[in-house]
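Structural features, examined
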Amino acid sequence: MTNTKLLYSDPLAAAIVAANEIADRSKIPAHDIALVMGSGWVSAVDAFGAAEFESNAEELTGFLPPMVEGHSGKVGSYVIEGNGKKIRALVFLGRTHLYEGKGVEPVVHSVRTAVMAGCKVVVLTNACGAINKTYKVGQAVLIRDHISLTAVSPLSGATFVDLTDLYSKRLREILKKEDASLQEGVYVHWRGPTYETPAEILMMRTMGADLVGMSTVPEAIAAHALGAQVLGISLVTNAAAGVTGQKLHHEEVIAAGRAAADRMGALLNGVIPKLL
Ligand code: 8IG
């Protein structure tokens, strides 16, 4: 149950408890890969077939109830076969964001739980705005690197973690082999819940950023710090502020995600066995 006291006092202990709850309830002792499905990605799991186990995330230790439309707040276990392998995937439908104001611990609890459940690879998906003017709505972009404009780390103390290969080059190469049209970009983490001003988007472009969103970065850092390999995939759902002159609406994000879900599901389903 939502034991947030433990989440804030000892986040890794909370992740171990949640991982054990998943193992006990699902009767699946360990998982191989985790996927966090952001806005617009949730129905991509239909490509994985039926879940062998499913729970509302809030029934597990440390998970908050969902807040954003398009995020269902469920966790499911799927078997994905291919390449002569049978992969156990732990899939989080929805995530917690910094803009919810609960701090960084709930934001990274899913990925910590996943690593404690055995996952060696963590796939982080999101919907984002395009700063790079060559990107089109509906396009998936591999995250090559990030710029944290929140400067919020999930780590505390004298833990100086190298982030040179945070978004695994090995995993990106496998994705590009699977789909040669995939491009790579630099993702900026913005706290939100407000979108950027046009001046802020110009600043980000000048800094070398291609994509902007309100997630993924703390999770990538937390997963990497625990030894998992990280793959980040952004679905472009809108041009960033000031690029087209149009205002930004969450509904267009949901609609663009819905339109791309089948394609994204097929991409993930085909490539997952090759990542491990
Ligand atoms: I979807 O344009 C989505 N998420 N910060 N800016 C920021 N986050 C986003 C955007 C965007 N689009």
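Coordinates for the structure precede this section.
Residues numbered from 1 in each chain as written. Predicted model: local features only at pLDDT ≥ 70, side-chain atom pairs only at ≥ 80, totals over all residues. Heavy atoms only, no water.

Some points on the site of the ligand
Contacts to the ligand come from 13 residues, most closely from Gly129, Glu196, Gly213, Thr237 and Asn238. Between Asn238 and the ligand, the recorded distance is 2.7 Å, taken from a side-chain N or O atom to a nitrogen atom. With the chains in place, 95% of the 320 Å² that the ligand exposes on its own is no longer accessible. Ranked by the residues each element gives to the shell around the ligand, the list is headed by strand S5 (residues 121–130), at three residues. Here the residues of the shell around the ligand are counted per class, giving eight nonpolar, four polar and one charged. (Near = heavy atom within 4 Å. Polar contact = N/O pair within 3.5 Å; in protein donor to acceptor, adjacent residues only side chain to side chain. Areas by Shrake-Rupley, 256 points an atom, 1.4 Å probe, with all protein chains shown as cover. Helix = DSSP H or I, 4+ residues; strand = E, 2+ residues; numbered from the N terminus. Nonpolar A, V, L, I, M, F, W, Y, C, P; charged D, E, K, R; others polar.)

Details of the pattern of salt bridges
Under the criterion given, the structure shown has nine salt bridges. With a shortest N-O distance of 3.3 Å, Glu59 and Arg25 are connected by a salt bridge. Here the residue Glu59 occupies a position in the loop between strand S2 (53–56) and strand S3 (74–82), and Arg25 occupies one in helix H2 (residues 11–26), the gap between them amounting to 34 residues. Take Arg25: its relative accessible area is 38%, and that puts it in the partly exposed class. With a shortest N-O distance of 3.5 Å, Lys176 and Glu173 are connected by a salt bridge. Of the two residues, Lys176 and Glu173 are both situated in helix H4 (residues 169–178); the distance of three residues between them amounts to about one turn of the helix. One network of salt bridges, in which partners are shared, links Lys169, Arg172, Glu173, Lys176 and Glu184. (Salt bridge = Lys/Arg side-chain N within 4 Å of Asp/Glu carboxyl O. Buried < 20%, exposed > 50% of the residue type's maximum accessible area, 1.4 Å probe, protein only.)

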